[in-house]
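Commentary on secondary and tertiary structure
Here's the letter readout for the chains.
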Amino acid sequence: MKKIKINGGKELKGTIKISGAKNSAVALVPASLLSDGIATIDNIPNISDIGALNEILEFLGAKVTRENDKMIIDQSNLQNKEIPESKAKKLRASYYFMSALLGKYKHVEMYFPGGCSIGARPIDQTLKGFRALGAEVIEEGNKFIINAKELIGNEVSLDMPSVGATINTILVAVKAKGTTTILNAAKEPEIVNVATFLNNMGAKISGAGTSEITIKGVSKLGDGFAEVIPDRIEAGTYVIAGALVGNKLKIENIIPDHIESLTSKLKEMNVPIEIYDDYLIVSKVDKMKKVTIKTLGYPGFPTDLQQPMTTLLIGCSGTSTLEETIYENRFQNVPFLNEMGADIIIDKRKIYINGPKELIGKEVIATDLRAGACLVLAGLKASGTTIIKDVEHILRGYENIIGKLTNVGADIVLVDE
Ligand code: EPU
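From a predicted model like this one, the values you see are computed outputs, not experimental measurements.

**A short note on the site of the ligand**
Near the ligand lie 23 residues; those nearest to it are Gln 125, Ser 162, Asp 304, Ile 326 and Arg 370. In the model, an oxygen atom of the ligand is placed 3.1 Å from a nitrogen or oxygen of the Asn 23 side chain. Between the ligand and Gln 125 there is a distance of 2.7 Å, counted from an oxygen atom to a backbone nitrogen or oxygen. Here the ligand has 830 Å² of accessible area as a free molecule, and 90% of this is covered by the chains. At the level of secondary structure, the elements contributing two or more residues to the shell around the ligand comprise helix H1 (22-31), helix H5 (124-132), helix H6 (163-173) and helix H12 (369-381). Residues belonging to the shell around the ligand are distributed by class as follows: 10 nonpolar, six polar and seven charged.

Laid out in structure tokens, this is it:
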């Protein structure tokens, strides 16, 4: 079992370069299957979720070549096989294969996807999209058998702006007959990245990044190229690290607009932050003002930064409030923060953070990816040593987190025991 050990209180100085976005890359890789030629994806992050998708690609018969950050996928020998449950369960994004294979072959058999255990995470909206386009969905326990005589474009009105359901509906609609309109679509930048990739292959998608997306079906998709956008959640996590213990910490290779909901909160808290075209500089400050935050779909405050942000709010004067509106079980980091010295009260979907409080290193558990990131941040701030267990969750989504933090002065190691 791998653990992360941090001796806290070290000042972070220097530059952290942000990698390609996990939540874009994990959609772009399965989306590549729709190409009838060769798909090239650049700026792929080196994280274990990509390794898990790579295994699925190769299981299906795709030839995958990795050249540094570039992934070249040739699917000339692709087969529509049932992906074993053990592979599908490794991550949420496995269900993008469900829609890509359905879009390509009009038939797919697949198991319920995995992912961090942060709430129920149903896939009813994805299935709603499939059915609207003419597919029949048979559910046998954890398994889905999905068939379509023909996929025909339709209007799909999502009950909530789900990122997964928006991307899955696009993947099924690109080769369907006629026009599909997704209403109440999610607006996350990762969706724009996927739509641009598919358009590069020859798809006809417009409106990605807005709540109404139109897809005119095409019969064939050729070679495709995509560059994964910078990871706004990784960027946000390191920006928070800078606000906690930074001394002019530079976070580079970012799209500042993508983290505007975070940087505007930091400004409200009095955190010194200078924003440039594709980088920013952030430092810690002695006194931070309390804030109220509510997680929302993009461009609102991202749920994926809610747990990392909690660590910072511990240092604010007064009671800050954080409301989680997306997931019902995303406060599993809180008991560990309280053990480390925080005073946080959970009340249903809200937490109240009474500060300022000092943190002391303890042995804690990364229950999920972003809870793990929150605890790494707490360990960087705390006095003494923090040991984080179950760090496989963290390695799923943060490329070279140990190296990136060590480079800027953190005392952090990965221990394998
Ligand atoms: N929802 C439904 N039915 C559905 C789909 C979603 O009820 O059919 C609900 C979910 O239960 C959840 C909410 O709607 O409460 C949002 O779900 P969404 O579908 O938008 O999320 P997702 O596609 O499963 C992606 C990211 C998550 C990120 C969310 C929101 C990937 C692989 N995952 O999940 O990332 O939190 O969008 O931005 O792209 C993470 O990186 O730590 C992570 C969990």
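What follows picks up the thread again.
**Here we look at the state of the cysteines**
Per the stated rule, a full pass over the model turns up zero disulfides. Free cysteine Cys 316: the closest other cysteine sulfur is in Cys 374, separated by 14 Å. Looking at Cys 374, it has no disulfide partner, and the nearest cysteine sulfur is the one in Cys 116, 13 Å off.

**A word on the domain arrangement of the protein chain**
Examined at the domain level, the protein chain breaks down into domain 1 (2-19 + 230-416) and domain 2 (22-227). Taking only C-alpha atoms into account, the centre of domain 1 sits 30 Å from that of domain 2. Opposite the 21 residues of domain 1 that make contact, domain 2 presents 22 residues. The junction of domain 1 with domain 2 conceals about 1800 Å² of combined surface from both sides, 48% of it contributed by carbon and sulfur atoms. For domain 1, the biggest contributors to the area lost against domain 2 are Tyr 298, Arg 396 and Glu 399; these three give 36% of the whole. The interface formed by domain 1 and domain 2 contains two salt bridges. Residue Arg 396 is joined to Asp 49 by a salt bridge in which the shortest nitrogen-to-oxygen separation is 2.8 Å. At the boundary of domain 1 and domain 2, one finds 10 residue pairs in polar contact (both at pLDDT 80 or more). Of the residues contributing to the side of domain 1 that touches domain 2, the split by class is six nonpolar, six polar and nine charged.

**Re the layout of surface pockets**
One number sums up the size of the largest pocket: a volume of about 1000 Å³. In terms of lining, the largest pocket is formed by 43 residues, of which the most central are Arg 121, Val 163, Gly 164, Ile 326 and Tyr 327. Broken down by class, the residue content of the lining of the largest pocket amounts to 20 nonpolar, 10 polar and 13 charged. Both domains that furnish three or more residues to the lining of the largest pocket are identified here as domain 1 (2-19 + 230-416) and domain 2 (22-227). Around the second largest pocket sit 19 residues that line it, and Asp 286, Gly 315, Lys 357, Glu 358 and Lys 381 are the ones nearest its centre. Secondary structure elements with two or more residues in the lining of the second largest pocket: helix H8 (232-245) and helix H10 (306-313). Looking at which element gives the most residues to the lining of the second largest pocket, the answer is H8, with three residues.

**As for the pairing of strand S3 (residues 38-42)**
In this sheet, strand S5 (residues 70-74) lies alongside S3 in antiparallel orientation, the contact comprising four bridges. For Thr 40, the partnering residue across the bridge sits in S5 and is Ile 72. Pairing of S3 with strand S13 (residues 224-227), which is carried by four bridges, proceeds in the parallel orientation. Considered in S13, the bridge of Ile 41 is made with Ala 226.

**Some details on the environment of Ala 88**
Residue position: Ala 88 is located in helix H3 (residues 85-88). Among the residues examined, Ala 88 registers a relative accessible area of 0% and is labelled buried. Once you skip the residues sitting within four places of it in the chain, Ala 88 turns out to touch Ile 83, Ser 94, Met 110, Tyr 111, Phe 112, Pro 113 and Gly 114.

About the criteria used
- Residues numbered from 1 in each chain as written.
- Predicted model: local features only at pLDDT ≥ 70, side-chain atom pairs only at ≥ 80, totals over all residues.
- Heavy atoms only, no water.
- Near = heavy atom within 4 Å.
- Polar contact = N/O pair within 3.5 Å; in protein donor to acceptor, adjacent residues only side chain to side chain.
- Areas by Shrake-Rupley, 256 points an atom, 1.4 Å probe, with all protein chains shown as cover.
- Helix = DSSP H or I, 4+ residues; strand = E, 2+ residues; numbered from the N terminus.
- Nonpolar A, V, L, I, M, F, W, Y, C, P; charged D, E, K, R; others polar.
- Disulfide = S-S within 2.5 Å.
- Domains from an automatic or database assignment.
- Contact = heavy atoms within 4.5 Å.
- Buried area = accessible area lost by both parts, 1.4 Å probe.
- Salt bridge = Lys/Arg side-chain N within 4 Å of Asp/Glu carboxyl O.
- 1 Å grid on protein atoms, 1.4 Å probe; cavity = no way out; pocket = protein on both sides within 12 Å on 5 of 7 lines; lining within 4 Å.
- Points joined across faces, edges and corners; volume = space filled by probe spheres on them.
- Pairing = 2+ DSSP bridges.
- Buried < 20%, exposed > 50% of the residue type's maximum accessible area, 1.4 Å probe, protein only.

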